[in-house]
Amino acid sequence: MSFVWPWQYSFPPFFTLQPNGETRQKQLAAWCALALAYSQEHRLPAMTVREAQDIPLFANHRLQRKLPLESIQVVLEELRKNGNLEWLDKNKTSFLIMWKRPEEWGKLIYQWVRAHPDQAVSMRMGDPGCYLGNGTACVQEWPDQLCVHAVRAGQWG
C-alpha cells in the first residue's frame, strides 16, 4: 500500500506559507497532519532539518515545488507546540517527530503490558529501536527515542 497524499499536496500554493493569519493556521494544521501521517507511514521519527528538506514530504517533485527551509522550520515548531516534536539539539538542526504524543505511547505500552499479564514481558532498547516482547518474540517495536518518551510519560498503575 502506498502513501495517500492529501489534496493540498497537489496544490502549488500549499508550498508557500500564506500571510493571512486564518489561512496560515489552516495551512499549518494541514502541514502538521501531513507530517505526522507521513512520518508514521514511513517510520521516520528522527532526522535533521536538512534531511527533511529533501524527502517527498516537503518536496513535491511532480509539481517541482519545495517548502522553503524557513517554512519547514515553522511547521516543525508548530508540531513542537502541539507536543508532537522535540528538538534533539540546541541549534534546532535535528528533531524527533512523534506521530503520537509521549503520553499516548506510554498508554499503549501500559495497555499492552496489562493485556498480557501471563507473559514474561521485557522491554529492550537497542538498534534500531526498542522492543516489547514476551521473552521469545518481539510483539511491538518502536523507535528508541519514542520509547524513552513513552516510558517517562506513561501511566503506570
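Before reading further, recall that the structure is shown in the block above.
What you are looking at is a predicted structure, and each value in this text was computed from that prediction instead of being measured.

Engineer: It is not clear to me how the side chain of E78 should be interpreted in this structure. Could you clarify?
Structural biologist: Relative to the assigned elements, E78 resides in helix 3 (residues 69-81). Put simply, E78 is tucked away with no salt bridge, and the nearest opposite charge, on K81, sits 4.2 Å away. Those residues within four positions of E78 in sequence are excluded, and the remaining contacts are Q25, L28 and C32.

Engineer: Just to check I follow, could you spell out helix 3 for this structure?
Structural biologist: Residues spaced three or four apart along an α-helix face the same direction, because each turn holds 3.6 residues. For helix 3, which comprises 13 residues, the first-to-last C-alpha distance of 18 Å matches the rise-based estimate of 18 Å (1.5 Å per residue) to within 8%. Here helix 3 has its buried residues at L69, S71, I72, V75, L76, E77, E78 and L79. Its buried side turned inward, helix 3 meets helix 1 (21-42), helix 2 (49-54), strand 4 (85-87) and strand 5 (94-97). Just downstream of helix 3 lies G83, where phi reads positive at about 85 degrees.

Engineer: Hey, could you run me through unusual backbone geometry in this one?
Structural biologist: Negative phi is the rule for most residues except glycine; trans is the rule for most peptide bonds. In this model, Q64 sits at a positive phi of 55 degrees, which is unusual for a non-glycine residue. Note that Q64 resides in the loop between strand 2 (59-60) and strand 3 (65-66). Residue class for Q64 comes out exposed when judged on its relative accessible area of 72%.

Engineer: Explain the sheet that holds strand 1 (residues 46-48) to me, please; I cannot follow it from the model alone.
Structural biologist: In a beta sheet, neighbouring strands are held together by backbone hydrogen bonds and run either parallel or antiparallel to one another. A sheet is described by the order of its strands in space; here three strands give the open sequence 1-5-4, paired in antiparallel fashion. The outermost strands of the open sheet, each flanked by one partner alone, are strand 1 and strand 4. Across the sheet, the axes of successive neighbouring strands diverge by a mean angle of 25 degrees, strand direction being ignored. As paired elements, strand 4 and strand 5 share three bridges and run antiparallel to each other.

Engineer: Just to check I follow, could you spell out the packing of helix 1 against helix 3 for this structure?
Structural biologist: When two helices pack together, their arrangement is given by the angle between the helix axes and the distance between those axes. Relative to each other, helix 1 and helix 3 sit at 80 degrees, their axes nearing to 9 Å. Accordingly, the angle class assigned to the pair helix 1 and helix 3 is roughly perpendicular. Taking contact as the criterion, the partners of R24, Q25, L28, W31, C32, A35 and L36 in helix 1 are, on helix 3, V74, V75, E78 and L79. Counted by class, the contact of helix 1 with helix 3 contains eight nonpolar, one polar and two charged residues.

Engineer: Could you clarify how one ought to interpret the nonpolar core in this entry?
Structural biologist: In globular proteins that are soluble, nonpolar side chains generally tend to be buried together. Counting residues in each nonpolar core, the largest one holds 31 residues, and the members touching the most others are W31, F58, L76, L79 and F95. Elements represented by at least two residues in this core include exactly helix 1, helix 2, helix 3, strand 4 and strand 5. A per-element tally of this core places helix 1 first, with eight residues. Ignoring anything within four residues of it in the chain, the contact list for W31 reads F14, F15, L17, L57, F58, L67 and V75.

Reading guide: rules and limits
Residues numbered from 1 in each chain as written. Predicted model: local features only at pLDDT ≥ 70, side-chain atom pairs only at ≥ 80, totals over all residues. Heavy atoms only, no water. Helix = DSSP H or I, 4+ residues; strand = E, 2+ residues; numbered from the N terminus. Buried < 20%, exposed > 50% of the residue type's maximum accessible area, 1.4 Å probe, protein only. Lys, Arg positive; Asp, Glu negative; His and termini not counted. Salt bridge = Lys/Arg side-chain N within 4 Å of Asp/Glu carboxyl O. Contact = heavy atoms within 4.5 Å. Expected span 1.5 Å × (residues − 1). Pairing = 2+ DSSP bridges. Axes fitted to C-alpha atoms, helices over the stretch in contact; angles between N-to-C directions. Parallel < 35°, antiparallel > 145°, perpendicular 65-115°, else oblique. Nonpolar A, V, L, I, M, F, W, Y, C, P; charged D, E, K, R; others polar. Core = buried A, V, L, I, M, F, W, Y, C linked by side-chain atoms within 4.5 Å.

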